[in-house]
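Chain and residue survey
Okay, here's what each chain looks like letter by letter:
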Amino acid sequence: MEEYAREPCPWRIVDDCGGAFTMGAIGGGIFQAVKGFRNAPSGMSHRMRGSMTAIKTRAPQLGGSFAVWGGLFSMIDCGLVKVRGKEDPWNSITSGAMTGAILAARNGPVAMVGSAAMGGILLALIEGAGILLTRFASSQFQPGSQFEEPGPGPAPIPTSPFGDYRQYQ
Amino acid sequence: MPVAVGPYGQTQPSCFDRVKMGFMMGFAVGMAAGAMFGTFSCLRIGMRGRELMGGVGKTMMQSGGTFGTFMAIGMGIRC
(Lines give C-alpha, C1' and ligand atoms only; values in the text may rest on other atoms or scores of the structure.)
Protein backbone atom coordinates (compact mmCIF):
# COMPACT_ATOMS: atom_id res chain seq x y z
CA MET A 1 0.00 0.00 0.00
CA GLU A 2 1.16 3.47 -0.74
CA GLU A 3 1.08 5.95 2.05
CA TYR A 4 -0.03 8.83 -0.11
CA ALA A 5 -2.81 6.91 -1.79
CA ARG A 6 -4.72 5.93 1.33
CA GLU A 7 -6.41 7.57 4.22
CA PRO A 8 -4.46 8.23 7.42
CA CYS A 9 -4.74 5.46 9.87
CA PRO A 10 -7.77 5.68 12.12
CA TRP A 11 -10.04 6.83 9.30
CA ARG A 12 -8.77 4.14 6.98
CA ILE A 13 -10.87 1.59 8.88
CA VAL A 14 -14.11 3.41 8.13
CA ASP A 15 -13.03 4.03 4.56
CA ASP A 16 -12.13 0.41 3.93
CA CYS A 17 -15.24 -0.88 5.63
CA GLY A 18 -17.57 1.27 3.54
CA GLY A 19 -15.62 0.68 0.35
CA ALA A 20 -15.69 -3.05 0.90
CA PHE A 21 -19.43 -2.98 1.58
CA THR A 22 -20.08 -1.06 -1.62
CA MET A 23 -17.82 -3.31 -3.61
CA GLY A 24 -19.43 -6.46 -2.25
CA ALA A 25 -22.94 -5.15 -2.73
CA ILE A 26 -22.39 -4.08 -6.34
CA GLY A 27 -20.39 -7.15 -7.29
CA GLY A 28 -22.81 -9.43 -5.49
CA GLY A 29 -25.65 -7.67 -7.28
CA ILE A 30 -24.09 -8.40 -10.67
CA PHE A 31 -23.33 -12.04 -9.96
CA GLN A 32 -26.60 -12.75 -8.19
CA ALA A 33 -28.55 -11.13 -11.02
CA VAL A 34 -27.04 -13.60 -13.47
CA LYS A 35 -27.51 -16.51 -11.08
CA GLY A 36 -31.11 -15.67 -10.27
CA PHE A 37 -31.85 -15.19 -13.95
CA ARG A 38 -30.49 -18.61 -14.82
CA ASN A 39 -32.03 -20.51 -11.93
CA ALA A 40 -35.55 -19.12 -12.23
CA PRO A 41 -38.31 -21.00 -14.07
CA SER A 42 -38.70 -20.04 -17.72
CA GLY A 43 -40.68 -17.03 -18.77
CA MET A 44 -39.32 -13.51 -18.82
CA SER A 45 -41.28 -12.19 -15.85
CA HIS A 46 -40.30 -15.16 -13.71
CA ARG A 47 -36.67 -14.71 -14.63
CA MET A 48 -36.73 -10.99 -13.84
CA ARG A 49 -38.45 -11.63 -10.54
CA GLY A 50 -36.02 -14.43 -9.68
CA SER A 51 -33.11 -12.18 -10.46
CA MET A 52 -34.53 -9.38 -8.27
CA THR A 53 -35.16 -11.81 -5.40
CA ALA A 54 -31.66 -13.19 -5.60
CA ILE A 55 -30.18 -9.68 -5.57
CA LYS A 56 -32.32 -8.58 -2.65
CA THR A 57 -31.50 -11.60 -0.52
CA ARG A 58 -27.87 -12.24 -1.31
CA ALA A 59 -26.18 -8.97 -2.30
CA PRO A 60 -26.46 -7.28 1.14
CA GLN A 61 -25.16 -10.44 2.75
CA LEU A 62 -22.14 -10.48 0.49
CA GLY A 63 -21.58 -6.79 1.09
CA GLY A 64 -21.77 -7.39 4.83
CA SER A 65 -19.18 -10.13 4.75
CA PHE A 66 -16.94 -7.99 2.57
CA ALA A 67 -17.34 -5.16 5.05
CA VAL A 68 -16.43 -7.40 7.97
CA TRP A 69 -13.35 -8.57 6.14
CA GLY A 70 -12.30 -5.06 5.12
CA GLY A 71 -12.95 -3.54 8.51
CA LEU A 72 -11.10 -6.21 10.45
CA PHE A 73 -8.30 -6.17 7.90
CA SER A 74 -7.63 -2.48 8.19
CA MET A 75 -8.05 -2.55 11.96
CA ILE A 76 -5.26 -5.10 12.20
CA ASP A 77 -3.31 -3.17 9.57
CA CYS A 78 -3.52 0.02 11.61
CA GLY A 79 -2.59 -1.87 14.75
CA LEU A 80 0.47 -3.28 13.03
CA VAL A 81 1.43 0.14 11.71
CA LYS A 82 1.25 1.47 15.26
CA VAL A 83 3.18 -1.43 16.79
CA ARG A 84 5.90 -1.80 14.15
CA GLY A 85 6.18 1.87 13.32
CA LYS A 86 6.42 1.34 9.55
CA GLU A 87 4.17 0.63 6.64
CA ASP A 88 5.18 -2.09 4.21
CA PRO A 89 3.64 -5.02 2.33
CA TRP A 90 4.30 -7.34 5.25
CA ASN A 91 1.70 -5.46 7.26
CA SER A 92 -0.94 -6.24 4.67
CA ILE A 93 0.07 -9.87 4.35
CA THR A 94 0.13 -10.39 8.11
CA SER A 95 -3.18 -8.68 8.61
CA GLY A 96 -4.74 -10.67 5.79
CA ALA A 97 -3.63 -13.89 7.44
CA MET A 98 -4.78 -12.76 10.87
CA THR A 99 -8.13 -11.65 9.50
CA GLY A 100 -8.63 -15.04 7.94
CA ALA A 101 -7.69 -16.73 11.18
CA ILE A 102 -9.96 -14.59 13.34
CA LEU A 103 -12.97 -14.93 11.08
CA ALA A 104 -12.59 -18.72 11.06
CA ALA A 105 -12.03 -18.89 14.81
CA ARG A 106 -15.34 -20.57 15.54
CA ASN A 107 -14.58 -23.47 13.21
CA GLY A 108 -11.61 -24.83 15.09
CA PRO A 109 -7.84 -24.56 14.78
CA VAL A 110 -7.53 -26.51 11.52
CA ALA A 111 -9.96 -24.22 9.73
CA MET A 112 -8.17 -21.24 11.25
CA VAL A 113 -4.83 -22.32 9.81
CA GLY A 114 -6.35 -23.00 6.40
CA SER A 115 -8.18 -19.71 6.29
CA ALA A 116 -5.13 -17.83 7.50
CA ALA A 117 -3.00 -19.36 4.79
CA MET A 118 -5.59 -18.45 2.19
CA GLY A 119 -5.81 -14.84 3.38
CA GLY A 120 -2.06 -14.50 3.56
CA ILE A 121 -1.47 -15.95 0.10
CA LEU A 122 -4.20 -13.80 -1.40
CA LEU A 123 -2.90 -10.59 0.11
CA ALA A 124 0.66 -11.53 -0.87
CA LEU A 125 -0.49 -11.97 -4.47
CA ILE A 126 -2.29 -8.63 -4.43
CA GLU A 127 0.68 -6.84 -2.93
CA GLY A 128 3.04 -8.49 -5.38
CA ALA A 129 0.82 -7.48 -8.29
CA GLY A 130 0.76 -3.91 -6.98
CA ILE A 131 4.53 -3.78 -6.67
CA LEU A 132 5.01 -5.26 -10.13
CA LEU A 133 2.48 -2.85 -11.60
CA THR A 134 4.19 0.14 -10.05
CA ARG A 135 7.59 -0.99 -11.27
CA PHE A 136 6.29 -1.69 -14.77
CA ALA A 137 4.39 1.58 -14.96
CA SER A 138 7.32 3.68 -13.79
CA SER A 139 9.62 2.09 -16.34
CA GLN A 140 7.11 2.19 -19.18
CA PHE A 141 5.60 5.66 -19.05
CA GLN A 142 7.75 8.69 -19.55
CA PRO A 143 7.05 12.37 -19.21
CA GLY A 144 5.91 14.18 -22.28
CA SER A 145 4.85 11.06 -24.09
CA GLN A 146 1.39 12.38 -24.87
CA PHE A 147 2.78 14.42 -27.74
CA GLU A 148 4.93 11.83 -29.46
CA GLU A 149 5.39 8.13 -29.74
CA PRO A 150 6.72 6.67 -26.50
CA GLY A 151 10.21 5.65 -27.38
CA PRO A 152 13.72 6.04 -26.01
CA GLY A 153 13.16 9.46 -24.51
CA PRO A 154 14.34 11.22 -21.37
CA ALA A 155 14.96 9.28 -18.20
CA PRO A 156 11.82 8.05 -16.42
CA ILE A 157 10.76 9.98 -13.38
CA PRO A 158 11.27 8.21 -10.07
CA THR A 159 7.69 8.41 -8.88
CA SER A 160 5.16 6.24 -10.60
CA PRO A 161 2.36 7.92 -12.51
CA PHE A 162 0.20 4.91 -11.74
CA GLY A 163 0.69 4.84 -8.01
CA ASP A 164 -2.98 5.66 -7.63
CA TYR A 165 -3.85 2.27 -9.01
CA ARG A 166 -3.01 0.68 -5.73
CA GLN A 167 -5.78 2.16 -3.67
CA TYR A 168 -8.12 -0.64 -4.58
CA GLN A 169 -8.35 -2.19 -1.16
CA MET B 1 -7.15 10.33 -24.48
CA PRO B 2 -7.26 11.76 -21.00
CA VAL B 3 -6.98 15.49 -20.86
CA ALA B 4 -6.07 16.11 -17.22
CA VAL B 5 -2.39 16.82 -16.80
CA GLY B 6 -0.62 15.60 -13.70
CA PRO B 7 1.95 17.38 -11.58
CA TYR B 8 4.85 16.07 -13.65
CA GLY B 9 3.40 16.94 -17.02
CA GLN B 10 2.24 13.46 -17.98
CA THR B 11 -1.36 12.54 -18.48
CA GLN B 12 -3.42 11.26 -15.60
CA PRO B 13 -5.21 8.00 -16.29
CA SER B 14 -8.90 8.47 -16.89
CA CYS B 15 -11.59 6.72 -14.92
CA PHE B 16 -12.18 4.03 -17.51
CA ASP B 17 -8.45 3.41 -17.78
CA ARG B 18 -8.31 2.84 -14.06
CA VAL B 19 -11.26 0.45 -14.12
CA LYS B 20 -9.64 -1.44 -16.98
CA MET B 21 -6.35 -1.59 -15.15
CA GLY B 22 -8.10 -2.80 -12.02
CA PHE B 23 -9.78 -5.54 -13.99
CA MET B 24 -6.52 -6.64 -15.55
CA MET B 25 -4.78 -6.67 -12.21
CA GLY B 26 -7.60 -8.53 -10.52
CA PHE B 27 -7.66 -10.99 -13.37
CA ALA B 28 -3.94 -11.66 -12.97
CA VAL B 29 -4.22 -12.05 -9.20
CA GLY B 30 -7.25 -14.27 -9.57
CA MET B 31 -5.51 -16.44 -12.15
CA ALA B 32 -2.55 -16.92 -9.83
CA ALA B 33 -4.74 -17.63 -6.81
CA GLY B 34 -6.93 -19.96 -8.87
CA ALA B 35 -3.86 -21.85 -10.06
CA MET B 36 -2.77 -22.50 -6.48
CA PHE B 37 -6.10 -23.27 -4.84
CA GLY B 38 -7.46 -25.02 -7.91
CA THR B 39 -4.50 -27.38 -8.00
CA PHE B 40 -5.06 -28.34 -4.37
CA SER B 41 -8.78 -28.85 -4.65
CA CYS B 42 -8.55 -30.77 -7.93
CA LEU B 43 -5.86 -33.04 -6.55
CA ARG B 44 -7.97 -33.61 -3.46
CA ILE B 45 -10.97 -34.82 -5.40
CA GLY B 46 -8.74 -37.18 -7.33
CA MET B 47 -8.11 -35.63 -10.72
CA ARG B 48 -4.94 -36.64 -12.52
CA GLY B 49 -3.31 -36.02 -15.87
CA ARG B 50 -5.25 -34.28 -18.61
CA GLU B 51 -8.37 -34.03 -16.47
CA LEU B 52 -6.37 -32.18 -13.83
CA MET B 53 -5.19 -29.62 -16.38
CA GLY B 54 -8.75 -28.95 -17.46
CA GLY B 55 -9.98 -28.62 -13.89
CA VAL B 56 -7.19 -26.25 -12.90
CA GLY B 57 -7.73 -24.14 -15.99
CA LYS B 58 -11.42 -23.86 -15.30
CA THR B 59 -10.83 -22.81 -11.70
CA MET B 60 -8.24 -20.28 -12.86
CA MET B 61 -10.60 -18.67 -15.34
CA GLN B 62 -13.46 -18.59 -12.86
CA SER B 63 -11.51 -17.03 -10.05
CA GLY B 64 -9.80 -14.65 -12.44
CA GLY B 65 -13.13 -13.42 -13.70
CA THR B 66 -14.57 -13.03 -10.22
CA PHE B 67 -11.53 -11.23 -8.89
CA GLY B 68 -11.29 -9.01 -11.91
CA THR B 69 -14.92 -7.97 -11.64
CA PHE B 70 -14.62 -7.13 -7.97
CA MET B 71 -11.35 -5.27 -8.44
CA ALA B 72 -12.82 -3.27 -11.32
CA ILE B 73 -15.77 -2.29 -9.13
CA GLY B 74 -13.39 -1.39 -6.33
CA MET B 75 -11.53 0.93 -8.69
CA GLY B 76 -14.76 2.30 -10.11
CA ILE B 77 -16.22 3.40 -6.79
CA ARG B 78 -13.11 5.37 -5.91
CA CYS B 79 -12.73 7.65 -8.87
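Residues numbered from 1 in each chain as written. Chains lettered and ligands numbered in written order. Predicted model: local features only at pLDDT ≥ 70, side-chain atom pairs only at ≥ 80, totals over all residues. Heavy atoms only, no water.

This part takes up the state of the cysteines. Residues and elements named next belong to chain A. For the structure shown, the criterion picks out zero disulfides over all chains. With no disulfide partner, Cys 17 has as its closest neighbouring cysteine sulfur the one in Cys 78, 12 Å distant. Note on Cys 17: relative accessible area 30%, which makes it partly exposed. (Disulfide = S-S within 2.5 Å. Buried < 20%, exposed > 50% of the residue type's maximum accessible area, 1.4 Å probe, protein only.)

Residue pairs three or four apart in sequence face the same way in an α-helix, which turns once every 3.6 residues. Residue and element names in this part refer to chain A. In this model, helix 2 (residues 44-84) (41 residues) spans 57 Å end to end at C-alpha, consistent with the 60 Å of a helix rising 1.5 Å per residue. Bending of helix 2 peaks at approximately 30° at the position of Arg 58, with proline Pro 60 no more than four residues after it. Remark: Gly 85 follows helix 2 within two positions and exhibits a positive phi of approximately 80°. (Helix = DSSP H or I, 4+ residues; strand = E, 2+ residues; numbered from the N terminus. Expected span 1.5 Å × (residues − 1). Bend = angle between axes of the 7 residues up to and from the residue.)

On the surface, Ile 26, Ile 30 and Phe 31 of chain A together with Ile 77 of chain B cluster together into a nonpolar patch covering about 290 Å² of accessible area. Along the polypeptide, Ile 30 of chain A turns up in helix 1 (residues 9-39). (Patch = residues over 30% accessible without salt bridge, like charges linked within 9 Å, V, L, I, M, F, W, Y side chains within 5 Å. Areas by Shrake-Rupley, 256 points an atom, 1.4 Å probe, with all protein chains shown as cover. Salt bridge = Lys/Arg side-chain N within 4 Å of Asp/Glu carboxyl O.)

Once that is clear, we can look at the packing of aromatic side chains. Inspection of the entire model under this criterion finds four aromatic pairs over all chains. Taken together, the ring pairs connect Phe 31 and Phe 66 of chain A together with Phe 70 of chain B into an aromatic cluster. Geometry around Phe 37 of chain A places Arg 47 of chain A over its ring, the cationic atom sitting 5.7 Å from the centre. (Phe/Tyr/Trp six-rings, centres within 6.5 Å; stacked < 30°, edge-to-face > 60°. Lys NZ or Arg CZ within 6 Å of the ring centre and 35° of its normal.)

Here the structure, examined in full by the defined rule, presents five salt bridges over all chains. Between Arg 78 of chain B and Asp 15 of chain A there is a salt bridge; the shortest N-O distance is 3.2 Å. Highlighted residues: Arg 78 of chain B in the segment after helix 2 (49-76) and Asp 15 of chain A in helix 1, drawn from two different chains.

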